[in-house]
Amino acid sequence: VQEWGNLLKQMGVYSRHWYFNGPFYTLLDIWLIQEANRLILSSVVLMASIGAAFLRIPLRWRLFLPLAVYMLFTPTLYPWYLLWLAPWLVIGPTRFLFGCFALIPLSHLVRSFKQIDGEWALPAAIMFVEFLPLCWLLLLDLRDVYRKRQRQAALFSDFSARTS
């Protein structure tokens, strides 16, 4: 029991104090205090998770969307966190997934920057190169899902009109 208590304590420390390579966290950190920033981002992830259940999109997208939003809105995103996304490459590869595996490893550049300025942080330009394309790719993927759904609805209504 004591080990579980220690584990939960350490998870609390991690969730309250750690941050690395979280694009929206870094952006909001400029204007907000840390606790408010984490609360706002957690709320966005929670709303996306609940909202995804009600979207009229395929089930795999309703399951994938909260994970994608989490990856974009988490304060801490190390490259090995991409292992969570690996099963989705089999279920249904998307531009966003391939973009993640291509761009997130740029965060390994932090080691080079630590040697230069002594700080374990990525410059904003690197994070911009990492995450702006990912946001764009996720929007493109969602647009394609929406268009496919619209085409299927049009085909169904055309078929229904012919058989009536």
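Residues numbered from 1 in each chain as written. Predicted model: local features only at pLDDT ≥ 70, side-chain atom pairs only at ≥ 80, totals over all residues. Heavy atoms only, no water.

## Some thoughts on the side chain of Asp141
1) Next: Topologically, Asp141 is positioned in helix α8 (residues 124-163).
2) Next: Residue classification places Asp141 among the buried residues on the basis of a relative accessible area of 7%. (Helix = DSSP H or I, 4+ residues; strand = E, 2+ residues; numbered from the N terminus. Buried < 20%, exposed > 50% of the residue type's maximum accessible area, 1.4 Å probe, protein only.)

## A word on the packing of helix α3 (residues 34-54) against helix α4 (residues 59-73)
1) Next: The geometry of α3 relative to α4 is characterised by a closest axis approach of 8 Å and an angle of 170° between their N-to-C directions. It follows that α3 is roughly antiparallel to α4 by the angle criterion. Counted together, Leu41, Val44, Val45, Ala48, Ser49, Ala52 and Ala53 of α3 and Arg62, Leu65, Pro66, Val69, Tyr70 and Phe73 of α4 form the full contact between these two elements.
2) Next: Of the residues belonging to the contact of α3 with α4, the class tally is 11 nonpolar, one polar and one charged. (Axes fitted to C-alpha atoms, helices over the stretch in contact; angles between N-to-C directions. Parallel < 35°, antiparallel > 145°, perpendicular 65-115°, else oblique. Contact = heavy atoms within 4.5 Å. Nonpolar A, V, L, I, M, F, W, Y, C, P; charged D, E, K, R; others polar.)

## Regarding the pattern of salt bridges
1) Next: Counted according to the given criterion, the structure contains three salt bridges.
2) Next: Put simply, Arg143 and Asp144 hold a salt bridge, and the shortest N to O gap is 3.1 Å. (Salt bridge = Lys/Arg side-chain N within 4 Å of Asp/Glu carboxyl O.)

## Examining the packing of aromatic side chains
1) Next: All told, the structure shown has nine aromatic pairs when counted by the stated rule.
2) Next: Measuring from centroid to centroid gives 5.5 Å for Trp61 and Phe64, while their planes differ by 90°, and the two rings are edge-to-face. In this pair, Trp61 and Phe64 both sit in helix α4, three residues apart, roughly one turn of the helix.
3) Next: A relative accessible area of 3% places Trp61 in the buried class.
4) Next: What makes Phe64 buried here is its relative accessible area of 3%.
5) Next: With a centroid separation of 5.7 Å and 80° between ring planes, the pair formed by Tyr78 and Tyr81 is classed as edge-to-face. No difference in accessibility class separates Tyr78 from Tyr81, as the two residues are buried.
6) Next: Aromatic rings pair up to connect Tyr70, Tyr78, Trp80, Tyr81 and Trp84 into one cluster. (Phe/Tyr/Trp six-rings, centres within 6.5 Å; stacked < 30°, edge-to-face > 60°.)

Purely geometric stuff here, so don't read any function into it on its own.
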